[in-house]
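# Report on the structure
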Amino acid sequence: MSLERLEIEGTFNFRDLGGPTTEAGDRRVRSGKVFRADGLAQLSDRARADIGELGIGTVIDLRDIGERAKLPDALDGLDVRHVELPVFDDHFFPSRPMSREEMKAAAEATGMDLSDRSLSRIYDLMITHFGHRLAAAVDLIAESCTDGVVFHCSAGKDRTGVIGAFLLDLLGVGRQEIVDEYAITSTHLSGGFLDAITRNFSDAGISGNLAETAVAAPPELMHEILDRIEAEHGAASAKDDGQPGGVEDYLLAHGMDPATPERLRQCLLESASDRG
């Protein structure tokens, strides 16, 4: 499968989710329908023209309000539907940075300790507390994929990476290809990305700890997330008995439309022998 990023000026991690083959080897994820990306705040006129040529009709912004206010998507002139769907429900990056006292109060009220922003903790919070938002994002992508859709966060790595992994799992792509597709992000974000995100978010409430891990997409972390979901919601092999398992069962338990998996497969799977 192709893991190359698209050269969209002003982005570091814009790529087509298409290309991987299913575990059975007979189907392939169709290209040119679903894209994933980092922030779209620095798009140039040329970049917007390139996005228009990709046929994208919907842009899904997974960032919290504090991130969106600091760096709004630069979509002027593009004929797209822009949907704000913050995965963290505006808790992680609110409209203004929270003090330690406010974080402590929030932790007591919600059970979410937002002061620990290590990668493992971020993913734990996402899976434990925000499954309903992940399910909503997958539903929206399924509804939008016919006309083309891009979903993104700030780095296109964690929120975007988990949703990308879930989509590929629902499409029947094998574990190793899913993890490889996730982990390639660390290569795309090397170089100038860390400097850019540190500069752009230095006063937006993002901690130094998060900045240091802004480019990391460790494959073992995605393995841990998928292992955990399979342990808690049934192994993917449950599908052999006609029952949802793993990621599908997790998303259904958090409100995903039962029609979404089949809608995705109809939209995004083609014969592995097809070209174009």
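Anything mentioned here points back to the structure above.
Presented here is an overview of the structure given in this document. Computed from a predicted model, the values in this text were never measured in an experiment.

The next thing to look at is the overall build of the chain. Of regular secondary structure, the chain possesses 13 helices and seven strands. Counting the 276 residues in the chain, one finds 51% classified as buried. Sequence separation of at least 24 residues holds for 72% of the intrachain contacts in the chain that already meet a minimum separation of 6. Element-wise, carbon and sulfur atoms account for 48% of the exposed surface of the chain, whose accessible area totals about 11,700 Å².

This part is about the packing of helix α6 (residues 159-170) against helix α12 (residues 246-253). Two elements in contact, α6 and α12, have axes separated by 8 Å at closest approach and are oriented at 115°. Relative to α12, the crossing made by α6 is left-handed. Between α6 and α12, the residues in contact are Phe-166, Asp-169 and Leu-170 and Val-247, Glu-248, Tyr-250 and Leu-251, respectively. Here the contact of α6 with α12 is composed, by residue class, of five nonpolar, no polar and two charged.

Before going further, it helps to spend a moment on the state of the cysteines. Taken as a whole, this structure holds one disulfide when the rule is applied. Each sulfur of the disulfide joining Cys-145 and Cys-267 lies 2.4 Å from the other. Residue Cys-145 is located in the loop between α5 (131-144) and β6 (149-152), and its partner Cys-267 is located in helix α13 (residues 260-268); the two are separated by 122 residues in the primary sequence. The class of Cys-267 is buried, set by a relative accessible area of 11%.

The full count for this structure, using the stated rule, is five aromatic pairs. With a centroid separation of 4.8 Å and 25° between ring planes, the pair formed by Phe-88 and Phe-92 is classed as stacked. Per residue, the accessibility class of Phe-88 equals that of Phe-92, and both read buried. With a centroid separation of 6.5 Å and an interplanar angle of 85°, the aromatic rings of Tyr-123 and Tyr-182 are classed as edge-to-face. Of this pair, Tyr-123 sits in helix α4 (residues 119-129) while Tyr-182 sits in helix α7 (residues 175-183), and the two are 59 residues apart along the sequence. In this structure an aromatic cluster arises from ring pairing among Phe-88, Phe-92 and Phe-130.

A few words now on unusual backbone geometry. In this model, Asp-89 sits at a positive phi of 55°, which is unusual for a non-glycine residue. Position of Asp-89 among the secondary structure elements: in the loop between β5 (81-84) and α3 (100-110). Backbone geometry places Asp-90, a non-glycine residue, at a positive phi of 65°. Along the polypeptide, Asp-90 turns up in the loop between β5 and α3. In this structure Asp-90 comes out as partly exposed when scored by relative accessible area, which is 25%.

Further remarks concern the packing of α4 against helix α11 (residues 219-233). Describing two packed helices takes the angle between their axes plus the distance from one axis to the other. One can describe the packing of α4 onto α11 by two numbers: an axis separation of 11 Å at closest approach and a directional angle of 30°. Relative to α11, α4 is oriented roughly parallel. Relative to α11, the crossing made by α4 is right-handed. On α11, the residues touching Leu-119, Ser-120, Tyr-123, Asp-124, Ile-127 and Thr-128 of α4 are Leu-221, Ile-225, Arg-228 and Ile-229. Here the residues of the contact of α4 with α11 are counted per class, giving six nonpolar, two polar and two charged.

On the basis of which strands lie adjacent, the open sheet formed by five strands has the order β1-β3-β6-β4-β5 and mixed pairing. Across the chains shown, the open sheet's two edge strands, defined by having one partner strand only, are β1 (15-16) and β5. Against the sheet, α6 contacts β3 (34-37) and β6, and its axis sits at roughly 135° relative to β6.

Criteria and thresholds
Residues numbered from 1 in each chain as written. Predicted model: local features only at pLDDT ≥ 70, side-chain atom pairs only at ≥ 80, totals over all residues. Heavy atoms only, no water. Helix = DSSP H or I, 4+ residues; strand = E, 2+ residues; numbered from the N terminus. Buried < 20%, exposed > 50% of the residue type's maximum accessible area, 1.4 Å probe, protein only. Contact = heavy atoms within 4.5 Å. Areas by Shrake-Rupley, 256 points an atom, 1.4 Å probe, with all protein chains shown as cover. Axes fitted to C-alpha atoms, helices over the stretch in contact; angles between N-to-C directions. Left-handed = near helix turned anticlockwise from the far one by under 90°. Nonpolar A, V, L, I, M, F, W, Y, C, P; charged D, E, K, R; others polar. Disulfide = S-S within 2.5 Å. Phe/Tyr/Trp six-rings, centres within 6.5 Å; stacked < 30°, edge-to-face > 60°. Parallel < 35°, antiparallel > 145°, perpendicular 65-115°, else oblique. Pairing = 2+ DSSP bridges.

Keep in mind these values describe shape, not function.
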